[in-house]
Amino acid sequence: MYRLLYRMVLRRVPAEAAHLAAFALIRVFGSVARVPGAAWLLGRWLGPRDPALRVRALGLEFPGPLGLAAGFDKDARGTRGLAALGFGFVEVGTVTARAQPGNPRPRMFRLTADRALVNRMGFNNAGAAAAAARLARARGGPPVGVNIGKSRAAPDADAAADYAASARAVAAVAGYVVVNVSSPNTPGLRDLQAANRLRPVLVAVRAALDAAVPGRRVPLLVKIAPDLADADVDAVADLALELGLDGIIATNTTVSRDGLASPAAEVAAAGAGGLSGPPLRARALEVLTRLHARAGDRLVLIAAGGIETPDDAWERLRAGATLVPAYPGVVYGGPLWPRRMHAGLARRMKADFS
């Protein structure tokens, strides 16, 4: 039914408008989930129930390894509804210390032949403090991570302080915090992935988290781009180990347009921005495999990029990932996609371990 709806209606609606409409319905769904007994019923229907799916990582309990990646719920407005759809966790953001409108529209596009998305949103959000207030009101359910980025108005010299301000704002309500230095849509942001520039950012964020919540260690991760050279991937892994980070998310979107099935004119019309979806699968797996070879089990590795089927998710888990967030999968797969993914993943686990 969803595929027919997508083919006949949704694909004809501008991508960002369709996203906003779907997100409004998800928020309504979240309100329904607050009715006494409804959350239990929805969990039985949509949520991951198989004990084989449960994950303990980062000091948290995840009902399933499939989560929703950052970018879908930028302002932490729909975590209840998204959890009710059956995701094992939700990562909100990217949020910044200062509210900002993001890039001009249009700034989100579909490449349907590749089941991919291109976005150049530019960290549009109402600010880290506003997101934190919403998360405080929506406590409960599976873990919620918060992805933080640099405010566009903050000079590069103030990047560490800007990230630290966001970290302080969300520390008390975040299941974990992710430092995003890998979006291609904020000028100069990816330069912060160089180890010498990343170090002060991570040190400042770690200190801010510890000071804001002295009674709890808030897990800290960094999210890297698939476009990093292998040597730079190794350098980030070494830095994460040196600084005692909890993990790395591999990977963010890519600026590459190689190997696409979509017509060249359609790709050109989408323009610049980060591409996500199946075309990212091979490189994202390469980066994950390299990180695991470098760090082993000393870091929690979260694998994103091109996860569309239970087999994709299982491949990442076998390659060293602990959790597998995704985003385009739900756009093209519909609201029952998380349920199908977890059910298929449970079958794969049992088949491989039987």
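Residues numbered from 1 in each chain as written. Predicted model: local features only at pLDDT ≥ 70, side-chain atom pairs only at ≥ 80, totals over all residues. Heavy atoms only, no water.

**Q** Explain the environment of Gly-88 to me, please; I cannot follow it from the model alone.
**A** Within the secondary structure layout, Gly-88 lies in the loop between α4 (79–84) and β4 (90–95). Distance from Gly-88 to Gly-64, taken between C-alpha atoms, is 4.4 Å for residues 24 residues apart in sequence. Contact partners of Gly-88, with chain neighbours within four places excluded, come to Phe-62, Pro-63, Gly-64, Leu-66, Gly-67, Pro-142, Pro-143 and His-342. (Helix = DSSP H or I, 4+ residues; strand = E, 2+ residues; numbered from the N terminus. Contact = heavy atoms within 4.5 Å.)

**Q** Looking at this structure, I do not really get unusual backbone geometry. What am I missing?
**A** Phi is mostly negative for residues that are not glycine, and the peptide bonds are mostly trans. Here Gly-93 and Thr-94 are connected by a cis peptide whose omega angle stands at 15°. Within the fold, Thr-94 resides in strand β4. The residue after Arg-105, namely Pro-106, is reached through a cis peptide bond having omega 0°. Following the sequence through the fold, Pro-106 ends up in the loop between β4 and β5 (108–111). Not every positive phi belongs to a glycine, and Ala-76 is a case in point at roughly 60°. Inspection of the secondary structure puts Ala-76 in the loop between β3 (66–68) and α4. With phi around 55°, Phe-123 is a residue other than glycine that occupies positive phi space. For Phe-123, a relative accessible area of 4% puts it in the buried group. (Buried < 20%, exposed > 50% of the residue type's maximum accessible area, 1.4 Å probe, protein only.)

**Q** What exactly am I supposed to notice about the pairing of strand β6 (residues 116–119) here?
**A** Regular strands have side chains that alternate between both faces of the sheet. Pairing analysis gives 4 bridges linking β5 to β6, with the strands arranged antiparallel. Each residue of the ladder has a partner; that of Leu-111, found in β6, is Ala-116. Taken together, β5 and the strand that follows it, β6, pair antiparallel across an intervening segment of 4 residues, in which Arg-115 is found at a positive phi of about 50°. Pairing analysis gives 3 bridges linking β6 to strand β11 (residues 274–276), with the strands arranged antiparallel. Along β11, the bridge assignment pairs Asn-119 with Gly-274. (Pairing = 2+ DSSP bridges.)

**Q** I tried to follow the nonpolar core on my own but got confused; where do I start?
**A** Across soluble globular proteins, you tend to see nonpolar side chains buried next to one another. Residues Ile-148, Tyr-163, Val-179, Val-205, Ile-248 and Leu-291 are the most contacted members of the largest nonpolar core, which totals 85 residues. Once you skip the residues sitting within four places of it in the chain, Ile-148 turns out to touch Thr-94, Val-95, Tyr-163, Ser-166, Ala-167, Val-170, Val-177, Val-178, Val-179, Asn-180 and Val-205. In terms of nonpolar packing, the next biggest core, distinct from the first, is built from 14 residues, Phe-89, Leu-221, Ile-302 and Ala-304 among them. (Core = buried A, V, L, I, M, F, W, Y, C linked by side-chain atoms within 4.5 Å.)

**Q** Which parts of the structure should I look at to understand the packing of aromatic side chains?
**A** Aromatic ring pairs are described here by two measures, namely the spacing of the ring centres and the angle between the planes. A complete count under the given rule lists 3 aromatic pairs for this structure. Measuring from ring centre to ring centre gives 5.4 Å for Phe-62 and Phe-89, while their planes differ by 85°; the resulting arrangement is edge-to-face. Of the two residues, Phe-62 sits in strand β2 (residues 60–62) while Phe-89 sits in the loop between α4 and β4, which places them 27 residues apart along the sequence. Grouping residues by exposure puts Phe-62 and Phe-89 together as buried. Consider the rings of Phe-72 and Tyr-327, whose centres lie 5.4 Å apart with planes at 75°: the pair is edge-to-face. Of the two residues, Phe-72 is situated in the loop between β3 and α4 and Tyr-327 in the loop between β13 (324–326) and α12 (328–333); the sequence distance between them amounts to 255 residues. Exposure remark for Tyr-327: the relative accessible area of 11% places this residue in the buried category. (Phe/Tyr/Trp six-rings, centres within 6.5 Å; stacked < 30°, edge-to-face > 60°.)

**Q** What exactly am I supposed to notice about the environment of Ala-99 here?
**A** For Ala-99, the position within the fold is in the loop between β4 and β5. Taking the C-alpha atoms as reference, Ala-99 lies 7.6 Å from Asn-124; in sequence the two are 25 residues apart. Ignoring any residue separated from it by four or fewer positions in sequence, one finds Ala-99 in contact with Asn-125, Ala-126 and Gly-127.

**Q** Help me understand the sheet that holds β5 in this model?
**A** In a beta sheet, neighbouring strands are held together by backbone hydrogen bonds and run either parallel or antiparallel to one another. With antiparallel pairing, the 3 strands of this open sheet are ordered in space as β5-β6-β11. Edge positions in the sheet fall to β5 and β11, since each has one partner strand and no second. Adjacent strand axes in the sheet meet at a mean angle of 20° when their direction is disregarded. (Axes fitted to C-alpha atoms, helices over the stretch in contact; angles between N-to-C directions.)

**Q** How do you make sense of the side chain of Asn-124 when you look at a structure like this?
**A** Its location among the elements puts Asn-124 in the loop between β6 and α5 (128–137). Residue class for Asn-124 comes out buried when judged on its relative accessible area of 15%. Once residues within four sequence positions are removed from consideration, Asn-124 is found in contact with Lys-74, Gln-100, Pro-101, Gly-102 and Arg-107.

**Q** Would you explain the pairing of strand β12 (residues 300–303) in this entry?
**A** Here β12 shows a buried face lined by Val-300 and Ile-302 and a second buried face lined by Leu-301 and Ala-303. Bridge count between strand β10 (residues 247–250) and β12: 4 bridges; the pairing is parallel. Note that in β12 the partner of Ile-248 across the bridge is Leu-301.

**Q** Where do I start with helix α7 (residues 195–212) in this structure?
**A** Count 3.6 residues to each turn of an α-helix, and residues three or four apart come out pointing the same way. An ideal rise of 1.5 Å per residue puts 26 Å on 18 residues; α7 measures up with 25 Å between its terminal C-alpha atoms. Residues of α7 that are buried include every one of Leu-198, Val-201, Leu-202, Val-205, Arg-206, Ala-208 and Leu-209, and no others. Relative to the axis of α7, the buried residues are bounded by an arc of 165° and lie together on one face. In α7, the exposed positions that point more than 90 degrees away from the buried face belong to Asn-196 and Ala-211. Where α7 is buried, its residues meet β7 (144–148), α6 (159–170), β8 (176–180), β9 (220–224) and α8 (230–243). (Expected span 1.5 Å × (residues − 1). Arc of directions from axis to C-beta.)

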